[in-house]
Amino acid sequence: MSDVLSAPHVMEFPYTRSTGPVVGAFLTGLRDQKVLAYHSSDGTVVCPPPEYDAHTVAPVEAAKLIEVASEGVVTSWSWNPAPRDGNPFDRPFAWALVKLDGADTSMLHALDAERGAIETGMRVRIRWAAERVGFINDIACFEPAGG
Amino acid sequence: MSEPVTGITTPIRMEYRYTPGRTTSDFLKAMKGGRMEGRRCPSCRKVYFPARGGCSMCGREFAETVPIKETGTLATFAVVNVNFANRVIDLPYVTAEVVFDGADTTTMVLLRGVSPEEVRMGMRVKAHWIPKEEWDYSLANIDYVEPIDEPDAEYDSYKDLV
Ligand SMILES: [Zn+2]
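Residues numbered from 1 in each chain as written. Chains lettered and ligands numbered in written order. Predicted model: local features only at pLDDT ≥ 70, side-chain atom pairs only at ≥ 80, totals over all residues. Heavy atoms only, no water.

Describing the layout of surface pockets
Turning to step 1, where the next piece is worked out: The volume enclosed by the largest pocket comes to roughly 600 Å³.
Turning to step 2, where the next piece is worked out: Contributions of two or more residues to the lining of the largest pocket are made by strand S9 (139–144) of chain A together with strand S1 (7–18) of chain B.
Turning to step 3, where the next piece is worked out: By residue number, the principal contributor to the lining of the largest pocket is S1(B), which donates seven residues.
Turning to step 4, where the next piece is worked out: Along the lines of polarity and charge, the residues of the lining of the largest pocket split into nine nonpolar, six polar and four charged.
Turning to step 5, where the next piece is worked out: When its volume is computed, the second largest pocket comes out at roughly 210 Å³. (1 Å grid on protein atoms, 1.4 Å probe; cavity = no way out; pocket = protein on both sides within 12 Å on 5 of 7 lines; lining within 4 Å. Points joined across faces, edges and corners; volume = space filled by probe spheres on them. Helix = DSSP H or I, 4+ residues; strand = E, 2+ residues; numbered from the N terminus. Nonpolar A, V, L, I, M, F, W, Y, C, P; charged D, E, K, R; others polar.)

Re the coordination of the zinc ion
Residues and elements named next belong to chain B.
Turning to step 1, where the next piece is worked out: Bound to the zinc ion on the protein side are Cys41 (SG), Cys44 (SG), Cys55 (SG) and Cys58 (SG), at distances that span 2.3 Å.
Turning to step 2, where the next piece is worked out: Viewed at the metal, the four donor atoms of the zinc ion are separated by angles of 106 to 113°, and the geometry they form is tetrahedral.
Turning to step 3, where the next piece is worked out: Sequence positions of the donors to the zinc ion reduce to the motif C-x2-C-x10-C-x2-C. Taken together, the residues Cys41 in the loop between strand S2 (37–40) and strand S3 (47–48) and Cys58 in the loop between S3 and strand S4 (64–67) connect sequence positions 17 residues apart.
Turning to step 4, where the next piece is worked out: The exposure class assigned to Cys58 is partly exposed, which follows from its relative accessible area of 32%. (Donors = N, O, S within 2.8 Å, 3.2 Å for Na, K, Ca; no water. Tetrahedral: all angles 85-135°; square planar, octahedral: opposite > 155°, others 65-115°. Buried < 20%, exposed > 50% of the residue type's maximum accessible area, 1.4 Å probe, protein only.)

What is shown is where atoms sit, not what they do.
Dropping the structure here:
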């Protein structure tokens, strides 16, 4: 029995996706440093906005999206000690679920903070990317907001 | 920039270290040396080329290595007319399923040296290799097959492979 071969193998797909009206409006909002959400039929404010109402299943109208704050509270988080290619940072950071003020649901994004400083309930705010193009990375990350 | 966002690009990239396993490693080493090697099933006696570790019909592990010839029979084919990304061959071209002499399975390979209108099942063909200096651990060492001056094979000889 001889040695088994091995070789590097890279698989890459350059997907282009259409956003549809709701995600498109959400990303357009991020480009303008606004976070849009959906005031759903049961009264809750869902952020990011869904494409259909979870209860009536009616299509969500982009024109009826509402703005929520760019500050909020960490509802859960997970430390990433070994960032990989494509992660927002090349040093350890946290993934956090953040409920923005005015919203009833949480969104996932990176949180740039010391590990020891992170706790559920901490106040955070959006750090906007310097160059915004209409993509989720227009939010560079969340950062501690103090107070 | 004030147009609403209607599209995004989301490139996906995965980096692997790929290992083909024991049998295919041996197969690829033979290819690098310019040899075509199949494996024979101890139960049904069929010879698989490219070599596999075991028989898909009997479930038996292969042990016997069998030399395969560079000549073969075109069992079936497709004429490619439709353009696609990263295409390197001029359209139209012919993709052939060839059963190389000594094998009982087909291998997908490019057919050259004949116009698409003249291609037919049963044609006898021969492998054309890339230059020896470029041989690698790859079936792509066989650049293409081309017709040879032999009578077409009888349909019964390849009917189970179409
Ligand atoms: Zn078998």
